[in-house]
Amino acid sequence: MSLVSPLVPVVLPVIFCAAIGVFWVRFKQPFDHEFVRRIVLWIGAPALIVGTLSKTAISAELLAQVLLASFCMLGFSAMFAAAVCVLFRLNVRDFLIPLIFGNFGNMGLPLCLFAFGEEGLAIGLGIFLVTTISHFSFGVAVLSGKAMVKGMLSSPIIYAGALACILIFNHWTLPLSIQNSLSLLGGMSIPLMLITLGVSLSSLRLQGAGKSLGLGCLRLLVGLGGGVVTVYVLELEGMLRNVVLLQSATPAAVFNYLLAMQYRREPDTVAGMVVSSTLISFVSIPVLLYFLGVR
């Protein structure tokens, strides 16, 4: 119990909030996915990015390291994912993206906050910014077979990230009234992300249990492998090292299923992959947190 009890305050809030979404569906309460998605992506997440990064003591040098580490993590994960597709004879356009992109937002951000505080959340948000842009540009291009530059440039998250970078690199601060407004709006993002995760998981069905379970395990291995290589190559230390490893170990993102369904890329199998990797992560992530020194 002495090993497990320090991890409870980190993991239990994530499980509790996701469970609200599960029970919400079980009690047949209405849930407008599109409204929640839009309010998080258009208001909550941009406010969280600008508000958190602008008030947290994160230097321009550290932010540059975060952005570089994020691209490296995705690059190495992509290499491992491509190798997995070739080795197991999987269709690259169907499974490359679900193997690369973890749940960096719905699960990763709360874990970064509860495990490492505001500084951890700020670094996690930098990773979330890069991975979100990559998912809806490179990811959609792979799935659809065509570039999606216009769709990417219409996302408020990109402009929020750019504004946050400008503030940090110029050492500017926001007026207190604006900072408080952003904190209030951004505060709704993490609970809504976790509740939406629970709602989504309860709506998905595990199809082809054996294949889905195998792919779920591979997603966790591919992601963590990309994180470990990134930490080794860039010689990362301290908080940045811990957050990169934690974010890299997150399960397959729910957005992978939504995109697979939109572009008809094995949606049932991807759904099972999301469910299985998420369930496994409730065991694997606490183990990782313990080895990262969360006591």
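Note: the structure precedes this text.
Presented here is a report on the structure given in the accompanying data block. All figures in this text were calculated on a predicted structure; none of them were measured in a lab. (Residues numbered from 1 in each chain as written. Predicted model: local features only at pLDDT ≥ 70, side-chain atom pairs only at ≥ 80, totals over all residues. Heavy atoms only, no water.)

Here's the deal with the overall build of the protein
At step 1: Helix and strand content of the protein: 13 helices and zero strands.
At step 2: Secondary structure elements in the protein, listed N-terminal to C-terminal, are α-α-α-α-α-α-α-α-α-α-α-α-α.
At step 3: For 295 residues, the compact-globule formula gives about 19 Å, and the C-alpha radius of gyration of the protein, at 18 Å, lands near that figure.
At step 4: Reported as C-alpha extents along the three principal axes, the dimensions of the protein are approximately 55 × 50 × 45 Å.
At step 5: For the protein, buried positions account for 53% of its 295 residues.
At step 6: Within the protein, counting contacts between residues at least 6 apart in sequence, those at least 24 apart form 85% of the total.
At step 7: Summing over all exposed atoms, the protein offers an accessible surface of approximately 13600 Å²; the carbon and sulfur share of this is 69%.
At step 8: Mean positive and mean negative side-chain charge positions of the protein (16 and 10 charges, respectively) differ by 11 Å. (Helix = DSSP H or I, 4+ residues; strand = E, 2+ residues; numbered from the N terminus. Rg over C-alpha atoms; globule rule 2.2 N^0.38 Å. Buried < 20%, exposed > 50% of the residue type's maximum accessible area, 1.4 Å probe, protein only. Contact = heavy atoms within 4.5 Å. Areas by Shrake-Rupley, 256 points an atom, 1.4 Å probe, with all protein chains shown as cover. Lys, Arg positive; Asp, Glu negative; His and termini not counted. Charge placed at Lys NZ, Arg CZ, Asp CG, Glu CD.)

Notes on the pattern of salt bridges
At step 1: In this structure the tally under the stated criterion is two salt bridges.
At step 2: Residue Arg38 pairs with Glu34 through a salt bridge whose shortest N-O separation is 2.7 Å. Of this pair, Arg38 and Glu34 both sit in helix 2 (residues 33-55), separated by four residues, roughly a single helical turn.
At step 3: A relative accessible area of 37% places Glu34 in the partly exposed class.
At step 4: The salt bridge involving Asp94 is made with Arg265; its shortest N-O contact spans 3.4 Å. Of this pair, Asp94 sits in helix 4 (residues 92-100) while Arg265 sits in the loop between helix 12 (254-262) and helix 13 (267-291); the two residues are 171 residues apart in sequence, bridging distant segments of the chain.
At step 5: Residue class for Asp94 comes out buried when judged on its relative accessible area of 9%.
At step 6: Look at Arg265 and you get buried, because its relative accessible area is 17%. (Salt bridge = Lys/Arg side-chain N within 4 Å of Asp/Glu carboxyl O.)

Examining helix 11 (residues 238-248)
At step 1: Judged by how many residues are buried, helix 11 sits mostly within the fold: eight of eleven residues are covered.
At step 2: Three or more residues of helix 11 are buried, namely Leu240, Asn242, Val243, Val244, Leu245, Leu246, Gln247 and Ser248.

Concerning the packing of aromatic side chains
At step 1: Using the criterion set out here, one finds one aromatic pair in the structure.
At step 2: Their ring planes at 75° and their centres at 5.7 Å tell us that Tyr290 and Phe291 sit as a pair that is edge-to-face.
At step 3: Residue Tyr290 is classed as partly exposed on the basis of its relative accessible area of 27%.
At step 4: Taking the relative accessible area as the measure of exposure, Phe291 reaches 65% and is therefore exposed. (Phe/Tyr/Trp six-rings, centres within 6.5 Å; stacked < 30°, edge-to-face > 60°.)

Description of the nonpolar core
At step 1: Formed by 87 residues in total, the largest nonpolar core has its most connected members in Ile49, Phe128, Val244, Leu246 and Leu289.
At step 2: By residue number, the principal contributor to this core is helix 5 (residues 108-144), which donates 16 residues.
At step 3: Beyond its immediate stretch of four places on either side in the chain, Val244 contacts Ala69, Met73, Ile127, Gly227, Thr230, Val231 and Leu236. (Core = buried A, V, L, I, M, F, W, Y, C linked by side-chain atoms within 4.5 Å.)

Things to note about the packing of helix 5 against helix 12
At step 1: Following both chains from N to C, one finds helix 5 and helix 12 inclined at 40°, their axes separated by 11 Å at the closest point. As summarised for this structure, helix 5 and helix 12 are arranged oblique, according to the angle between their axes. The handedness of the crossing between helix 5 and helix 12 is right-handed. Residues His135, Phe136, Val140 and Leu143 of helix 5 form the contact with helix 12, whose participating residues are Phe255, Asn256 and Leu259.
At step 2: Grouping the amino acids of the contact of helix 5 with helix 12 by side-chain chemistry returns five nonpolar, two polar and no charged. (Axes fitted to C-alpha atoms, helices over the stretch in contact; angles between N-to-C directions. Parallel < 35°, antiparallel > 145°, perpendicular 65-115°, else oblique. Left-handed = near helix turned anticlockwise from the far one by under 90°. Nonpolar A, V, L, I, M, F, W, Y, C, P; charged D, E, K, R; others polar.)

Regarding a nonpolar patch on the surface
At step 1: The grouping of Val8, Leu12 and Ile15 at the surface amounts to a nonpolar patch, some 230 Å² of accessible area in total.
At step 2: Within the secondary structure layout, Leu12 lies in helix 1 (residues 8-26). (Patch = residues over 30% accessible without salt bridge, like charges linked within 9 Å, V, L, I, M, F, W, Y side chains within 5 Å.)

Focus: unusual backbone geometry
At step 1: With phi around 55°, Arg264 is a residue other than glycine that occupies positive phi space.
At step 2: Mapped onto the fold, Arg264 is located in the loop between helix 12 and helix 13.

Section: the state of the cysteines
At step 1: If you walk through the whole model with that rule in mind, you get zero disulfides.
At step 2: Between Cys165, a cysteine without a disulfide, and Cys72, which holds the nearest cysteine sulfur, the sulfur-to-sulfur distance is 16 Å.
At step 3: Judged by relative accessible area, Cys165 falls into the buried class, the value being 14%. (Disulfide = S-S within 2.5 Å.)

Keep in mind these numbers describe shape, not what the thing actually does.
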